[in-house]
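A closer look at the structure
This is what each chain is made of:
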Amino acid sequence: MIKECLQFLRDPAKNLKIHLKESRRRTKIERRESLTESQLFVMELARELSWICQKADVLAHIWTGEDTWPPAVCDQFIMEIASILEMKENVPMSSLIGPEVCVERRDWRERLVCLLEGEENNLSNSKRAIMDWTHSQRNMHPCGIWPGEGVLLVLDDMEMQWKRGRLRHLQAAVELLIWVALAEHLDKELIPRLWLVQKQRSQAHGATSYIPHTVWNWICHAAVDVTLDPDTAHPCLFISEDGRRMRSSSERRDIPQRGQRFDGWPCALALQGFACGRHYWEVEVGDRDWRVGVACGSAFRRGYGFLTTAVGYYTLRLERGSELKAMGFPVTPLSLCPKPRRVGVHLDYDEGQLSFYDVHRRSHLYTFTERFTGTLFPIFGTAEMLQELVLSPASVRVPCHCRGTCLFG
């Protein structure tokens, strides 16, 4: 009697389990049928990468359909990756030595426009190139590529941010693992140029933008010593004797009102100016109000006019401790989560790029793209009285947080 009762309870539960399993399978099939070819391709690429790179469990969210990217994002991503692989095969290393040579024969964004206008009827060639590359990687690395503890920490962080809804898609995780695989075979000079020309110039300011360590080191190798020019400093700014520290005050100094001095916004220029090449510097910023970037030597410095790209200023600005902005024309609001404490500035004059980074997180904040002319001077501004703005020496790097030997080289 008891056995019959248990059987009576067990059968409905078993049937319910079978029904739920069949329902999930049917839902999954219906979801896949509603996806575009590009979306399905990205799912397949994520599966391939999970075989190529060890411990790439985060990609399961993509190839199982949990994280589905919009079709336009998939198309753009496919064109970008295919263009990078094309450059890897076709660009001679010697052409990357001189900064005056453009490393890209055809910008991937132009190719995407051609696609949308009908010049290219589909993405089959790009997809084929990517899949050929993944198959070659699997043949060369039958046991998979070990991405390193540093990369795994980044992937864990991305997965957590995605689960919390702070990261819209896991595209950055796919890109990072592709760069891990590329770094196994590419010249050290080619990797960062590919990143800066291809990826960073098109990086949406709202996207998570971790930087491969090979690119980060290449950027930091352009470090230069920058010091403040007291003759350009606003009268309320106090500058240290070594020209590396600056804070604001409620009192104005009794100093000569020279034409090159700021008399409105609390800013100062650097003594060093740049008219070619690559240059990188880091700044410890405050919590409430600061400005960092570059300014044209001929830009006005009087009054309270808007210091934007329209008048020769390329800067990031934090206002009231809560609004981080790229001061372009128009102004672009940026994410303030988390708030950067140390900002890196990379000027590639010849490529026409000025990029900003959160140094502690090694992530990209924003890039201005412009055809620069004349001499550009680093500019610094602060309205904070208790916290100094500090210019770091070129020889000083943020300590690595890796356990044991640094994983970032």
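**Points about the pairing of strand 5 (residues 290–296)**
The buried count for strand 5 comes to seven of seven residues, which makes it a mostly enclosed element. Residues of strand 5 alternate between two faces, with Trp-290, Val-292, Val-294 and Cys-296 on one and Arg-291, Gly-293 and Ala-295 on the opposite face, all of them buried. The sheet contact formed by strand 5 and strand 6 (residues 313–319) spans six bridges and is antiparallel. Bridged to Ala-295 within strand 6 is Tyr-313.

**Digging into the packing of helix 2 (residues 37–52) against helix 6 (residues 124–140)**
Contact pair helix 2 / helix 6: the axes reach a minimum separation of 10 Å and the direction vectors enclose 15°. Considering their axes alone, helix 2 and helix 6 lie roughly parallel with respect to each other. The hand of the helix 2/helix 6 crossing is left-handed. Contact with helix 2, carried on its side by Glu-37, Ser-38, Phe-41, Glu-44, Leu-45, Glu-48, Leu-49, Trp-51 and Ile-52, involves Lys-127, Ile-130, Met-131, Trp-133, Thr-134, His-135, Gln-137 and Arg-138 of helix 6 and no other residues of that element. A per-class count over the contact of helix 2 with helix 6 returns eight nonpolar, four polar and five charged.

**With respect to the sheet that holds strand 11 (residues 363–369)**
Spatially, the seven strands line up as an open sheet ordered 1-2-13-4-9-10-11, and their pairing is antiparallel. What marks the edges here is a single partner per strand, and that holds for strand 1 (237–239) and strand 11. On average, each strand axis in the sheet is inclined to that of its neighbour by 20°, with strand direction left out of account.

**Side note on the side chain of His-169**
Within the secondary structure layout, His-169 lies in the loop between helix 7 (149–163) and helix 8 (171–183). A distance of 3.1 Å separates a polar atom in the side chain of His-169 from a polar atom in the side chain of Asp-67.

**Overview of the side chain of Arg-244**
Note on placement: Arg-244 falls in the loop between strand 1 and strand 2 (245–248). Polar contacts involving the side chain of Arg-244 include one to the side chain of Asp-225, which spans 3.2 Å. Those residues within four positions of Arg-244 in sequence are excluded, and the remaining contacts are Asp-225, Val-226, Thr-227, Leu-228, Leu-389, Val-390, Leu-391, Ser-392 and Pro-393.

**A word on the environment of Gln-260**
Counting through the fold element by element, Gln-260 comes out in the loop between strand 2 and strand 3 (267–269). Separated by 28 residues in the primary sequence, Gln-260 and Thr-232 place their C-alpha atoms 5.5 Å from one another. Apart from the residues lying within four places of it in its own chain, the contact partners of Gln-260 are Asp-231, Thr-232 and Arg-301.

**Structural notes on the environment of Ala-394**
Take Ala-394: it is sitting in the segment after strand 13 (389–391). Ala-394 gets classed as partly exposed once you look at its relative accessible area, which sits at 23%. C-alpha of Ala-394 to C-alpha of Ala-223: the two residues are 171 residues apart in sequence and 5.2 Å apart in space. What Ala-394 contacts, discounting residues up to four positions off in sequence, is Ala-223, Val-224 and Asp-225.

Cut-offs applied
- Residues numbered from 1 in each chain as written.
- Predicted model: local features only at pLDDT ≥ 70, side-chain atom pairs only at ≥ 80, totals over all residues.
- Heavy atoms only, no water.
- Buried < 20%, exposed > 50% of the residue type's maximum accessible area, 1.4 Å probe, protein only.
- Helix = DSSP H or I, 4+ residues; strand = E, 2+ residues; numbered from the N terminus.
- Pairing = 2+ DSSP bridges.
- Axes fitted to C-alpha atoms, helices over the stretch in contact; angles between N-to-C directions.
- Parallel < 35°, antiparallel > 145°, perpendicular 65-115°, else oblique.
- Left-handed = near helix turned anticlockwise from the far one by under 90°.
- Contact = heavy atoms within 4.5 Å.
- Nonpolar A, V, L, I, M, F, W, Y, C, P; charged D, E, K, R; others polar.
- Polar contact = N/O pair within 3.5 Å; in protein donor to acceptor, adjacent residues only side chain to side chain.

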